[in-house]
Amino acid sequence: MKILLHICCGVCVAGAAEILLAEGHGITGYYLNPNISTREEYDKRLQASLAVAEIRNFSIIVPAYNPESWMENTIDLTEEPEGGKRCEVCFRMRLQSTYEYLKEHDLTHLRQR
């Protein structure tokens, strides 16, 4: 089965990729993290994810970095604690984008890690 796997960082994708590949699935990663506030941190996570993908031999789709979309969607939630309503918005944004990509391409399943 072909799986589009949302990726937030290399650490998270390493374990998920190992399991999915061992189960015989094909993986395409989808790295989308508009919630990462500095470009430096975003790039660090991306490079770690790309390193895992190279080792495990799968590709990663990298849409444009757009932290403005995150800010626009969470402007009224700046006082929310970690794990609060901002996280719900973040998950929804990232998974919605991943799902839209999934529908447009020949991939059959969506997994988040």
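Predicted model, so just to flag it, every value in this text is computed and none were measured.

The biggest cluster of nonpolar side chains holds 17 residues, and the ones touching the most others in it are Val-13 and Phe-58. Setting aside residues up to four positions removed in sequence, Phe-58 forms contacts with Ile-7, Val-13, Ala-17, Leu-21, Ile-27, Gly-29, Val-52 and Ala-53.

With 18 residues, helix α2 (residues 39-56) should reach 26 Å at 1.5 Å per residue; the first-to-last C-alpha distance of 25 Å fits that figure. Taken residue by residue, α2 has Tyr-42, Leu-46, Ser-49, Val-52 and Ala-53 as its buried positions. Viewed along the axis of α2, the buried residues span an arc of 120 degrees, placing them on a single side of the element. Exposed residues pointing more than 90 degrees away from the buried face of α2 are listed as Glu-40, Lys-44, Glu-54 and Ile-55. Lining the buried residues of α2 we find β1 (2-7), α1 (10-22), β2 (26-31) and β3 (59-61). Downstream of α2 by a residue or two, Asn-57 has a phi angle that is positive, lying close to 65 degrees.

So, on to the packing of helix α3 (residues 67-74) against helix α4 (residues 85-104). For any two helices packed against each other, one specifies the inter-axial angle together with the distance between the axes. Taken N-terminus to C-terminus, the directions of α3 and α4 make an angle of 135 degrees; their axes are 10 Å apart at the nearest point. Of the possible angle classes, the one that applies to α3 and α4 is oblique. For the pair α3 and α4, the sense of crossing is right-handed. Taken together, the residues of α4 that come into contact with α3 (itself represented by Ser-69, Trp-70, Asn-73 and Thr-74) are Arg-86, Val-89, Cys-90 and Met-93. Taken together, the residues of the contact of α3 with α4 sort by class into 4 nonpolar, 3 polar and 1 charged.

Counted residue by residue, β1 has 5 buried out of 6 residues, so it is predominantly covered. As paired elements, β1 and β2 share 6 bridges and run parallel to each other. Pairing of Leu-5 across the sheet is with Gly-29, part of β2. In this view, the connection linking β1 to its parallel neighbour β2 by way of α1 has right-handed handedness.

How each quantity is defined
- Residues numbered from 1 in each chain as written.
- Predicted model: local features only at pLDDT ≥ 70, side-chain atom pairs only at ≥ 80, totals over all residues.
- Heavy atoms only, no water.
- Core = buried A, V, L, I, M, F, W, Y, C linked by side-chain atoms within 4.5 Å.
- Buried < 20%, exposed > 50% of the residue type's maximum accessible area, 1.4 Å probe, protein only.
- Contact = heavy atoms within 4.5 Å.
- Helix = DSSP H or I, 4+ residues; strand = E, 2+ residues; numbered from the N terminus.
- Expected span 1.5 Å × (residues − 1).
- Arc of directions from axis to C-beta.
- Axes fitted to C-alpha atoms, helices over the stretch in contact; angles between N-to-C directions.
- Parallel < 35°, antiparallel > 145°, perpendicular 65-115°, else oblique.
- Left-handed = near helix turned anticlockwise from the far one by under 90°.
- Nonpolar A, V, L, I, M, F, W, Y, C, P; charged D, E, K, R; others polar.
- Pairing = 2+ DSSP bridges.
- Right-handed = clockwise from strand over helix to strand, strands pointing away.

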